[in-house]
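# Fold and contact review
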Amino acid sequence: MRTIITYRTIKLALALLGFITAQLYMDPAPTEAATPKTISIKIATLAPSGSPYHEIMKDMAADWQKASDGRVLLKIYPGGVAGGEVDILRKIRIGQLHAGALSISGLSRTLPEMSVLSTPMIYKTKEDLLQVQDVLAPKIEERMEKKGFVVLSWAIAGWVRFFVPGDQPSIEGVKKSRMHVFAGDDQILELWKTMGVNAIPLSGTDVLTGLQSGMVNAFFTTPVMAYASQWFAFTPYMIEMPWAPMIGAIVISKRAWQKVPEPLRPKLKSIAVQHSLRLDIEMQRLETQAISEMQKRGLTLVKPDAQQFEQWQTLTKTAFPEFKNKNRIPDEWFETALAITKEN
């Protein structure tokens, strides 16, 4: 049968096509407001589960959730369950994790020049460090952002001391020991070699075994770490001379941070800073407590006299060029740190 297409048929078809097209370009009918997307941020740390550091991070997570009306959730992986600091950084880069609460030792694998903030024997007080940090932290943060990381806050996790087998607090006494250095920390290993110290690299999980076997008989860390790990039980003496500050920072990948709504970012960063300040205060209390507890268990404190202290300073300064070059610290940064600490 032959189909007859009339003018009226064409007119109706065009009208129908126009109606359909108009519907496609019209605003959709009003609906209920979409529920804001929840952002889950996975953060890892070596701080043991239940430790003051972990508890403060849990408080920070609760405050982030409250400040964001439940839109930003912080999931914490404590106690090294996500691996060491190198592992954590690698997992952040590939997206398995989003953030980390890390020491400067780990962070310097990404940006070696930030080691200027832990230069040995130039920081006499916390105030020294904070003044240098005020000047250099913005420069460090800018470089970290170019590497794909945003620094949310800084913290001081204590002051590094030497734990040794003998009662001589001189550098010559330390040279006779077998000093543990964390495996992979090549900058510190080179620093010790420059100073003539017999440094032996071991992973963190092998330190206790190394002390028990005598492979190493000395180490350097914060009193809180020495007490928590029970390493001090194998080294009867602690040299009462703050060697360097143990700096830490909370960092998040730039990619993950940009997923957080922009209006929320200043609030969340402010909360991270507030809790890091809490940590600073808490760590001072814990450091004093840790030293006291170790003394009760047989640890003896030995303090260098004026001559021994000067020898420490002189030898350490001879290693500054190597330390600066290995860590690629800009001359301007290093001179700034020296100038500020010298004035105080």
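Check the entry above for the structure.
These notes cover the structure that comes with them. Quantities reported herein were computed from a predicted structural model and do not represent experimental measurements.

## Thoughts on the overall build of the protein
- When helices and strands are counted, the protein shows 14 helices and nine strands.
- The buried share of the protein, reckoned over its 344 residues, is 46%.
- Residue pairs at least 24 apart in sequence account for 76% of intrachain contacts in the protein once pairs closer than 6 positions are excluded.
- For the protein, the accessible area works out to roughly 18,100 Å², and carbon and sulfur atoms hold 55% of it.

## Points about helix α12 (residues 306–318)
- Taking 1.5 Å per residue, 13 residues should reach 18 Å; α12 reaches 19 Å between its end C-alpha atoms and fits that length.
- Turning to α12, its buried residues number three or more, namely Q308, W312, L315 and T316. The buried residues of α12 occupy one face: seen down the axis, they fall within an arc of 100 degrees. Exposed and oriented more than 90 degrees from the buried face of α12 are A306, Q307, E310 and K317.
- Tucked inside the fold, the buried residues of α12 contact β4 (149–164), α6 (171–175), α7 (186–195), β8 (237–253) and α13 (320–326).
- By the N-cap criterion, in which a side-chain oxygen at the helix start approaches the backbone nitrogen of a residue two or three places on, α12 is capped by D305, the distance to Q307 being 3.1 Å.

## Re the pattern of salt bridges
- Following the criterion strictly, the structure yields 13 salt bridges and no others.
- Measuring nitrogen to oxygen at the nearest pair gives 3.1 Å for the salt bridge that ties R278 to D59. Separated by 219 residues along the polypeptide, R278 in helix α11 (residues 265–296) and D59 in helix α2 (residues 52–67) bring together distant segments of the chain.

## Focus on the packing of α2 against α11
- Here α2 crosses α11 at 160 degrees, and the two axes come no closer than 10 Å. Considering their axes alone, α2 and α11 lie roughly antiparallel with respect to each other. Our pair here, α2 against α11, has a crossing hand that is right-handed. Where α2 approaches α11, its residues P52, Y53, I56, D59, M60, D63, W64 and A67 are matched on the opposing element by K267, L268, I271, A272, H275, R278, L279, E282 and L286.

## A short note on the side chain of K324
- With respect to the helices and strands, the residue K324 is situated in helix α13.
- Within polar-contact distance, the side chain of K324 engages the side chain of D331 at 2.8 Å.
- Contacts of K324, omitting those with residues within four sequence positions, involve I329, D331 and F334.

## Some remarks on the packing of aromatic side chains
- Counted according to the given criterion, the structure contains 12 aromatic pairs.
- Aromatic pair F163 and F219: ring centres 4.9 Å apart, planes at 10 degrees, arrangement stacked. A residue pair is termed long-range when its members are at least 10 positions apart, and F163 in strand β4 and F219 in strand β7 (residues 219–221) qualify at 56 residues. In this pair, the class of F163 matches that of F219, namely buried.

## What about the nonpolar core?
- Residues F162, W192 and W243 are the most contacted members of the largest nonpolar core, which totals 61 residues.
- Of all the elements, β4 adds the most residues to this core, at eight residues.
- With near-sequence residues (within four places) excluded, W192 lies in contact with F162, M179, V181, V197, A199, F220 and W243.
- Counting 32 residues, the second largest nonpolar core, distinct from the first, contains Y53, W257, L279 and L286.

## Some words on the environment of P223
- Within the secondary structure, P223 sits in helix α9 (residues 223–229).
- Put simply, P223 and W159 are 64 residues apart on the chain and 7.7 Å apart in space, counted from C-alpha to C-alpha.
- Once residues lying within four places of it in the same chain are set aside, the contact partners of P223 are W159, R161, F163, M238, E287, A290, I291 and M294.

## With respect to the environment of P201
- Structurally, P201 can be placed in strand β6 (residues 199–202).
- By relative accessible area, which is 41% here, P201 ends up partly exposed.
- Non-local contacts of P201, meaning those with residues more than four positions away in its chain, are made with V181, A183 and L189.

Reading the values: the criteria
Residue positions within a chain follow its written sequence, with the count starting from 1. This being a predicted model, a pLDDT of at least 70 is required before a residue's local features are given, and a value of 80 or more before pairs of side-chain atoms are given or counted; all residues contribute to the totals for chains, interfaces and linings. Here the side-chain values reflect all heavy atoms present in the structure, with hydrogen atoms and water set aside. Elements are defined by DSSP. Helices are runs of H or I of four residues or more, strands are runs of E of two residues or more, and each kind is numbered from the N terminus. Think of it in three bands: residues with accessible area under 20% of the maximum for their type are buried, residues over 50% are exposed, and the middle band is partly exposed, with areas taken using a 1.4 Å probe on protein chains only. Here, two residues are considered to be in contact whenever any of their heavy atoms come within 4.5 Å of each other. All accessible-area figures derive from a Shrake-Rupley calculation using a 1.4 Å probe, and residue coverage is judged against the displayed protein chains alone. The span expected for a helix works out to 1.5 Å for each residue beyond the first. Working note: the arc is built from the helix axis to C-beta atom directions. Polar contact criterion, stated in full: a pair of N or O atoms within 3.5 Å, where within protein one must be able to donate a hydrogen and the other to accept it, and residues adjacent in sequence count only if both atoms are side-chain atoms. In what follows, salt bridge is the name for a side-chain nitrogen of Lys or Arg lying within 4 Å of a carboxyl oxygen of Asp or Glu. Lines are fitted to the C-alpha atoms to define the axes, a helix being fitted only along its stretch in contact, and any angle between axes, read from their N-to-C directions, falls within 0 to 180 degrees. Oblique is the label for any angle not covered by the other classes, which are roughly parallel (under 35 degrees), roughly antiparallel (over 145) and roughly perpendicular (65 to 115). Each crossing gets its handedness from the near helix: less than a right angle anticlockwise from the far helix is left-handed, clockwise is right-handed. Stacked, edge-to-face and tilted labels apply to pairs of Phe, Tyr and Trp rings (six-membered ring for Trp) whose centres lie within 6.5 Å, assigned for plane angles under 30 degrees, over 60, and everything in between, in that order. In plain words, nonpolar cores are sets of buried Ala, Val, Leu, Ile, Met, Phe, Trp, Tyr and Cys residues tied together by side-chain atoms within 4.5 Å.

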